[in-house]
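Each chain is listed here by its residues.
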Amino acid sequence: CSSTGSAPNRNGTISASFCSTMSLSPNSAGFTNNNLMESTANSTLHFGDGPSPPAPGTILATANSTVQFVGSAVINGGNLSTLGNGQMDIAANVVSTLNNVTLTTDSQFVVKNNGIAFVSGTLTNNGTFTLATIGSNTEIQIEGNTTFTGTGVFNLTSTNGGNDYIFAQNTTDTLTIDSGITIQ
């Protein structure tokens, strides 16, 4: 199953439960998620290249399922959620962007080896956000004035060489870390 192009408003539910892998690749106009995009029933939902305009919707990976950013995906607003052992990640060797998103309570988000998460605006982390380096550098790169808020944890877990980084793109970018956030 795949969808390429633009559908201006997604008000219903998009579910990868009927496909082993469903791929969404918006064109330059992107699409708006006003409700739910989910991966369920041992399926995988891939987000490819392209933007999503600011939207209040939720992207969800339920138990035994995966949501993966496999291209230059740009997520503007909304909630990122996992349930049970559901997985949500930026694939290895991929660069994706998170603008003004919320990682919901007890949810897991992983930037895999040599991946980069560009982050701007407010990242509300109420779960666990992990940089999973295995030999190559893995990064969160701050763009503009950015705030980490919430009650969550940022895990920097480099193994076998390589480093985990959280840094600004340039000297005018700023990062504010609220008191509820733990970086370890």
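Here's a quick rundown of the structure.

About the criteria used
Residues numbered from 1 in each chain as written. Predicted model: local features only at pLDDT ≥ 70, side-chain atom pairs only at ≥ 80, totals over all residues. Heavy atoms only, no water. Helix = DSSP H or I, 4+ residues; strand = E, 2+ residues; numbered from the N terminus. Contact = heavy atoms within 4.5 Å. Areas by Shrake-Rupley, 256 points an atom, 1.4 Å probe, with all protein chains shown as cover. Salt bridge = Lys/Arg side-chain N within 4 Å of Asp/Glu carboxyl O. Buried < 20%, exposed > 50% of the residue type's maximum accessible area, 1.4 Å probe, protein only. Polar contact = N/O pair within 3.5 Å; in protein donor to acceptor, adjacent residues only side chain to side chain. Phe/Tyr/Trp six-rings, centres within 6.5 Å; stacked < 30°, edge-to-face > 60°. Pairing = 2+ DSSP bridges. Core = buried A, V, L, I, M, F, W, Y, C linked by side-chain atoms within 4.5 Å.

### Some details on the overall build of the chain
Of the regular secondary structure elements, the chain holds zero helices and 23 strands. Partitioning the intrachain contacts of the chain with sequence separation of at least 6 by distance along the chain shows that 43% fall at a separation of at least 24. Total accessible area on the chain is roughly 7,800 Å²; 48% of this is exposed by carbon and sulfur atoms.

### With respect to the pattern of salt bridges
Using the criterion set out here, one finds one salt bridge in the structure. Across the pair Lys112 and Asp89 runs a salt bridge whose closest N-O atoms are separated by 3.6 Å. Remark: Asp89 occurs in strand S13 (residues 87–90) and Lys112 occurs in strand S16 (residues 108–112); sequence separation between them is 23 residues.

### A short note on the side chain of Ser81
Structurally, Ser81 is set in strand S12 (residues 79–82). Looking at Ser81, the relative accessible area reads 10%, which means it is buried. One polar contact links Ser81 to Thr104, side chain to side chain, over a distance of 2.7 Å. Not counting residues up to four positions away in its chain, the partners in contact with Ser81 are Thr58, Ile59, Leu60, Ala61, Met88, Thr104 and Ser107.

### Here's the deal with the packing of aromatic side chains
Note on aromatic pairs: each is described by the distance of the centres and the angle between the planes. According to the stated counting rule, one finds six aromatic pairs in the structure shown. Seen from their ring centres, Phe109 and Phe129 are 5.0 Å apart, and the 25° between their planes marks the pair as stacked. Of the two residues, Phe109 sits in strand S16 while Phe129 sits in strand S18 (residues 128–132), which places them 20 residues apart along the sequence. In this structure, Phe109 and Phe129 share a single accessibility class: buried. When the ring of Phe148 is compared with that of Phe154, the centres are 4.4 Å apart and the planes differ by 20°; the resulting orientation is stacked. What makes Phe154 buried here is its relative accessible area of 1%.

### Some details on unusual backbone geometry
For residues that are not glycine, phi is negative in most cases, and the peptide bond is trans in most cases. Residues other than glycine seldom take positive phi values, yet Asp106 does so here, at roughly 65°. Its place among the elements puts Asp106 in the loop between strand S15 (102–103) and S16. A relative accessible area of 63% places Asp106 in the exposed class. For Asn114, which is not glycine, the phi dihedral falls at a positive 65°. With respect to the helices and strands, Asn114 occurs in the loop between S16 and strand S17 (116–125). The class of Asn114 is partly exposed, set by a relative accessible area of 34%.

### Examining the pairing of S12
By the bridge criterion, four bridges tie strand S9 (residues 58–61) to S12 in an arrangement that is parallel. Of the residues in S12, the one forming a bridge with Thr58 is Asn79. Strand direction decides the pairing type here: S12 and S15, joined by two bridges, are parallel. The partner of Leu80 across the bridge, within S15, is Leu103.

### Quick notes on the nonpolar core
Counting 34 residues, the largest nonpolar core has Phe47, Phe69, Leu80, Phe109 and Phe129 as the members making the most contacts within it. Excluding residues that lie within four positions of it along the chain, Leu80 makes contacts with Ile59, Ile75, Met88, Leu98, Val101, Thr102, Leu103, Thr104, Ser107 and Phe109.

### Considering the environment of Leu103
Mapped onto the fold, Leu103 is located in strand S15. Placed 21 residues apart in sequence, Leu103 and Thr124 show a C-alpha to C-alpha distance of 6.1 Å. When residues no more than four places from it in sequence are discounted, the contact partners of Leu103 are Leu80, Gln108, Phe109, Thr124, Asn125, Asn126, Gly127, Thr128 and Phe129.

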